[in-house]
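Residue-level structure breakdown
The lines below spell out each chain.
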Amino acid sequence: MDSAEATSGAERQSLRFLLLYALAAAGGAVAYVPFLTILLPVRVQTVSAGDEISTLAYAAFAGAIAASLANIGFGWLSDRTQRRTPWIIGGLILSGSLLVGMREAEDSVSLIGLIVVWQIALNMMLAPLAAWAGDCVPDRQKGLLGGLLSFSPALGALSGALVTWPGFAGPDTRLVLVALMVFAMVVPVLVLGRPRAMPQLMVADREVRERPRRTSRKVANMWLARLLVQIAEAALFAYLLYWLQSIEDGFGDNDTATIFAAVLALSVPLAMLAGRWSDRSNRPIRPLVICACLGSLGLLIMAFSVDLVTGIAGYAVFGLAMGVFLSLHSSQTLRILPRPQTRGRDLGFFNLTNTVPSLVMPWLTLALVPLFGFDALFLLLAALAMVSCALLVAIEHI
């Protein structure tokens, strides 16, 4: 064991920083989940003059491209300046201001333009925030970090339900409330976090220096494994309601939302338990392997289900496994990135696994569902999840 490894084993990051960081990461989810899923479609209806579908499609496509490039760019800038917090603060202020400014959009073109600029500002905050965890959280606590990150999607969904509570706030006020919530969730870690310095995390470990090709293979496997899982997750997120309605007429959007919420809530304690186990057993990849396998099983159950109960059970298996997978993958990615000096930039490339599926998934659906039904789509997604499992098993043996 070299000196860096010894130091890493002896030091732990403070629980205060981990909790406040998890709150800030959840603030990042609150910054975009309610807007993109609920508030933006409402705003599009106001300005698009009957052309809602195409306006929303253009906004989603342009926003995804802007977010992808900005995440890489600002991650790289935070690497070059060797400071994360100024970029986080700047992105927090700019993205919040632009979100509130969406109220001023009067037509589709101005709204799409604002969304592009907002995505750039938002990723000015998100990219260095993600890299900051790699600078501060040692490997022995990355499982715990992953468990804490599982709160992000749940709180993102909860914030959307809160700001759209009937009679609570009008469309313009909702944007202000989201911006204020994000501010309240991100600022505490900047003011009170005070993380312990972890200089060993800013130096490439011995394996990276001695076996660079081996490390590159691990990184490639980790990236592709998440991409395949995210394609499956994105497809289910978009088309679950339609599939459930194809099984049973009258199944409503509120019923689907309830299932989503229940699965998200249950995935949080499971991710916490799995993360703690991976830390204590020093097997960081094993929970990811198990979750990818279970996700594939859930999709197979859905593909062969003949009634609503079996279909919901299959989705529950898939959704719980994916909730744990995505949270722990985010933290364990920090473990295998080869160069601390380019951590922010490299995480930007990993962020492509979040945006690319939204561009790939519609074509898969259009190619399969009209001709072969949802069963064929689920079988293909199950195969993708199993390939992801195999890639992760290979990491353990590289």
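Residues numbered from 1 in each chain as written. Predicted model: local features only at pLDDT ≥ 70, side-chain atom pairs only at ≥ 80, totals over all residues. Heavy atoms only, no water.

**Let's talk about the overall build of the protein chain**
Rules: Numbering of helices and strands starts at the N terminus; helices are DSSP runs of H or I of at least 4 residues and strands are runs of E of at least 2. Taken over C-alpha atoms, the radius of gyration is set against a globule rule of 2.2 Å times the number of residues to the power 0.38. Remark: exposure states derive from per-residue accessible area (1.4 Å probe, protein chains only) relative to the maximum for the residue type, with buried under 20%, exposed over 50%, and partly exposed in between. Residues count as neighbours in contact if any of their non-hydrogen atoms are within 4.5 Å of one another. Reported accessibility uses the Shrake-Rupley method at a 1.4 Å probe radius. Residues are deemed covered only where the shown protein chains occlude them. Under this rule, positive means Lys or Arg and negative means Asp or Glu; His and the chain ends count for nothing. Taken as the charge location is NZ of Lys, CZ of Arg, CG of Asp or CD of Glu.
Secondary structure summary: the protein chain contains 15 helices and zero strands in total. Over its C-alpha atoms the protein chain spans a radius of gyration of 21 Å, differing by no more than 12% from the 21 Å that the globule rule assigns to 398 residues. For the protein chain, buried positions account for 51% of its 398 residues. A sequence separation of at least 24 residues applies to 83% of the contacts in the protein chain between residues at least 6 apart. Accessible surface computed for the protein chain: about 17,900 Å², of which carbon and sulfur atoms make up 67%. A distance of 15 Å separates the average location of the 28 positive side-chain charges in the protein chain from that of its 25 negative side-chain charges.

**Things to note about empty space enclosed by the protein**
For the record, the criterion: A 1.4 Å probe that fits but cannot get out identifies a cavity on a 1 Å grid over protein atoms alone, an open set with protein on both sides within 12 Å along at least five of seven lines counts as a pocket, and a residue lines either if it has an atom within 4 Å of a point. Grid points are joined across faces, edges and corners, and a volume is the space filled by probe spheres set on the points.
Summed over the entire model, instances satisfying the criterion amount to one cavity of 30 Å³ or more. Approximately 60 Å³ is the volume attributed to the largest cavity. Forming the walls of the largest cavity are L39, V42, R43, P171, R174 and L175. Put simply, the parts of the chain that give the lining of the largest cavity at least two residues each are helix 2 (15-47) and helix 8 (171-192).

**Here we look at the packing of helix 7 (residues 151-163) against helix 8**
Put simply, the test is: Lines are fitted to the C-alpha atoms to define the axes, a helix being fitted only along its stretch in contact, and any angle between axes, read from their N-to-C directions, falls within 0 to 180 degrees. With the far helix as reference, a near helix turned anticlockwise by less than a right angle produces a left-handed crossing, and one turned clockwise produces a right-handed crossing.
The N-to-C vectors of helix 7 and helix 8 enclose an angle of 145°; their axes lie 10 Å apart at closest approach. Relative to helix 8, helix 7 is oriented so that their crossing is right-handed. On helix 8, the residues touching L155, S159, L162 and V163 of helix 7 are R174, L177, V178, M181 and M185.

**Digging into the state of the cysteines**
Definition in use: When two cysteine sulfur atoms are found within 2.5 Å, that pair is recorded as a disulfide.
Throughout the structure, instances matching the rule amount to zero disulfides. Sulfur of C291: no disulfide; nearest cysteine sulfur belongs to C293 and is 9.9 Å away. Residue class for C291 comes out buried when judged on its relative accessible area of 8%.

**Things to note about the pattern of salt bridges**
The test is simple: By salt bridge we mean one thing: a side-chain nitrogen of Lys or Arg within 4 Å of a carboxyl oxygen of Asp or Glu.
Following the criterion strictly, the structure yields eight salt bridges and no others. D172 is the salt-bridge partner of R43, the closest N and O atoms lying 2.8 Å from each other. Placement of R43 in helix 2 and of D172 in helix 8 is noted, with a sequence separation of 129 residues between them. The exposure class assigned to D172 is partly exposed, which follows from its relative accessible area of 34%.

**Considering the side chain of R343**
If you trace the backbone, R343 turns up in helix 14 (residues 343-372). Not counting chain neighbours up to four residues away, the residues in contact with R343 comprise D79, R84, A131, G134, D135, L201, M202 and L337.

**Quick notes on helix 5 (residues 108-136)**
Note on helix geometry: an α-helix contains 3.6 residues per turn, so any two residues three or four positions apart are oriented the same way. Here is the rule: For a helix, the expected span equals 1.5 Å multiplied by the number of residues minus one. Here the bend at each residue means the angle between axes fitted to two seven-residue stretches, the one ending at that residue and the one beginning there. Definition of a polar contact: a pair of N or O atoms within 3.5 Å, with one able to donate and the other able to accept a hydrogen when the atoms are protein atoms, and with sequence-neighbouring residues admitted only if both atoms are side-chain atoms.
Helix length check: helix 5, at 29 residues, gives a terminal C-alpha distance of 42 Å against a target of 42 Å (1.5 Å per residue), a fit within 8%. Maximum bend of helix 5: about 30°, positioned at N123. Most of helix 5 is tucked away: 21 of the 29 residues are buried. Its side-chain oxygen 3.2 Å from the backbone nitrogen of V109, D107 forms the N-cap of helix 5.

**Looking at a nonpolar patch on the surface**
Put simply, the test is: The patches described consist of residues with a relative accessible area above 30% and no salt bridge, like charges being joined within 9 Å and nonpolar side chains (Val, Leu, Ile, Met, Phe, Trp, Tyr) within 5 Å.
A cluster of nonpolar side chains, namely F61, I65 and L69, defines an oily patch on the protein surface of about 310 Å² accessible area. Classification of F61 by relative accessible area gives partly exposed; the value is 49%.

**Some details on the side chain of S331**
With respect to the helices, strands and loops of the structure, S331 is situated in helix 13 (residues 308-336). Setting aside its immediate chain neighbours within four residues, S331 contacts K142, L145 and G146.

**Focus: the packing of helix 6 (residues 142-149) against helix 7**
The following threshold applies: We call two directions roughly parallel when the angle between them is under 35 degrees, roughly antiparallel when it is over 145, roughly perpendicular when it lies between 65 and 115, and oblique otherwise. Three categories are distinguished: nonpolar for Ala, Val, Leu, Ile, Met, Phe, Trp, Tyr, Cys and Pro, charged for Asp, Glu, Lys and Arg, and polar for the others, with Gly belonging to the last.
Running from N to C, helix 6 and helix 7 point in directions that differ by 15°, and their axes come no closer than 5 Å. Looking at the two axes, helix 6 sits roughly parallel to helix 7. Two secondary-structure elements touch here, helix 6 through G147, L148 and L149 and helix 7 through F151, S152 and P153. Along the lines of polarity and charge, the residues of the contact of helix 6 with helix 7 split into four nonpolar, two polar and no charged.

**Side note on the confidence of the model for the protein chain**
Definition in use: pLDDT is defined as a per-residue confidence score from the predictor, taking values between 0 and 100.
Here the protein chain averages 89 in pLDDT, while 95% of its residues score no lower than 70. Note that pLDDT drops below 50 for residues 1-10; the model gives that stretch 13 contacts with residues more than four away or on any other chain.

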